[in-house]
Amino acid sequence: LINYIQKNHLMKMSYLLTTSMKLKIKHIMNIKNYKIMSKHLNKEIGMFGQKLVCKYLKENKFNYWTNDDKNNYNKNDIIMEKDNNLYFVEVSTKRHTFKNNHKCTGKNKKQIDRYIERESLYGHKYFIVFVDYNTKTIYGNYISNLMNKTYSRGKEFPYVENSGGQVITYFNLENMTVLADINKDDLDKLGELHFKNKTQKEQVNLFDAINDLKNGY
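What comes next concerns the included structure. (Residues numbered from 1 in each chain as written. Predicted model: local features only at pLDDT ≥ 70, side-chain atom pairs only at ≥ 80, totals over all residues. Heavy atoms only, no water.)

## Remarks on the side chain of Thr105
Considering the arrangement of structural elements, one finds Thr105 in strand E5 (residues 102-108). Since its relative accessible area comes to 2%, Thr105 is described here as buried. (Helix = DSSP H or I, 4+ residues; strand = E, 2+ residues; numbered from the N terminus. Buried < 20%, exposed > 50% of the residue type's maximum accessible area, 1.4 Å probe, protein only.)

Listed below in structure tokens is the structure:
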């Protein structure tokens, strides 16, 4: 009888352990899948933004070139010609934010520093463009202009701040030049992509929170 009870107890423990491991593995796989999907959506959003910028350049009869690398939008450089000068066009497809009651937007400081260094060392010129769903516009400016100090209601721009684990250089939207409005069809598509991406990130956060509760955090 004792042997039977011990054997039965071990079988139950084994079952519970197996079930726990299965849940943990499922949790890890779900997070992995959602993160992969979120990364894919980030890429899709970025490529769609670049498509809109190319559309603007074409409609306004700018000469421009792109390597058209569909596998990696980070390598999909756009080069435009203006006033007999060539400019690298760097596109960010993102919504602006509010900092100290100022509408502003920004890019990773390492990227900005790299652009400035290349301008200084090699004479490369950069035009920074933002495709903004909230303002329904495409806006931008030359990096040399954006790096000039300006003040708005006592706030100096540009300024650097840690945000979400990244160091971001923020620019005041008042320093941007509006290039074009985003038409309704493109805006609907962009809104759909942003919504899907936000939903994926919320799912990852939900899985993380559930896992923390299970682990007693």
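## Digging into the nonpolar core
It is characteristic of soluble globular proteins that their nonpolar side chains tend to be buried jointly. Residues Val53, Ile78, Val89, Val131, Ile138 and Ile182 are the most contacted members of the largest nonpolar core, which totals 23 residues. Where this core is concerned, the elements lending two or more residues are helix H1 (2-59), strand E2 (78-82), strand E3 (85-93), strand E6 (126-132), strand E7 (137-142) and helix H4 (184-214). Among the elements that line this core, the one with the most residues is H1, at eight residues. Contact partners of Val89, with chain neighbours within four places excluded, come to Val53, Ile78, Met80, Phe127 and Val129. Counting 11 residues, the second-largest nonpolar core is a separate cluster that includes Tyr115, Ile128, Phe130 and Met176. (Core = buried A, V, L, I, M, F, W, Y, C linked by side-chain atoms within 4.5 Å. Contact = heavy atoms within 4.5 Å.)

## Focus: the sheet that holds strand E12 (residues 177-181)
With mixed pairing, six strands are arranged side by side in an open sheet as E1-E2-E3-E6-E7-E12. Lying at the two open borders of the sheet, with one neighbouring strand each, are strand E1 (63-66) and E12. With direction set aside, neighbouring strand axes in the sheet form an average angle of 30°. Where E1 lies against E2, four bridges are found, and the strand directions are antiparallel. Note on E2: the bridge partner recorded for Tyr64 is Met80. (Pairing = 2+ DSSP bridges. Axes fitted to C-alpha atoms, helices over the stretch in contact; angles between N-to-C directions.)

## Looking at the environment of Tyr139
Looking at the secondary structure, you find Tyr139 in strand E7. What makes Tyr139 buried here is its relative accessible area of 3%. Residues Tyr139 and Leu179, spaced 40 residues apart in sequence, show a C-alpha to C-alpha distance of 5.1 Å. Ignoring sequence-local partners within four residues, the contact set of Tyr139 consists of His96, Thr105, Ile128, Val129, Phe130, Asp132, Leu173, Met176, Thr177, Val178 and Leu179. Looking at Tyr139, its side chain comes within polar contact range of the side chain of Asp132, at 2.6 Å. (Polar contact = N/O pair within 3.5 Å; in protein donor to acceptor, adjacent residues only side chain to side chain.)

## Considerations on helix H2 (residues 109-122)
The terminal C-alpha atoms of H2 lie 19 Å apart, and with 14 residues this matches the ideal 20 Å at 1.5 Å per residue to within 8%. At the N-terminal end of H2, a side-chain oxygen is found 2.8 Å from the backbone nitrogen of Lys110, two or three residues along, and the residue is Asn108. Of the residues trailing H2, Gly123 is marked for its positive phi of about 80°. (Expected span 1.5 Å × (residues − 1).)

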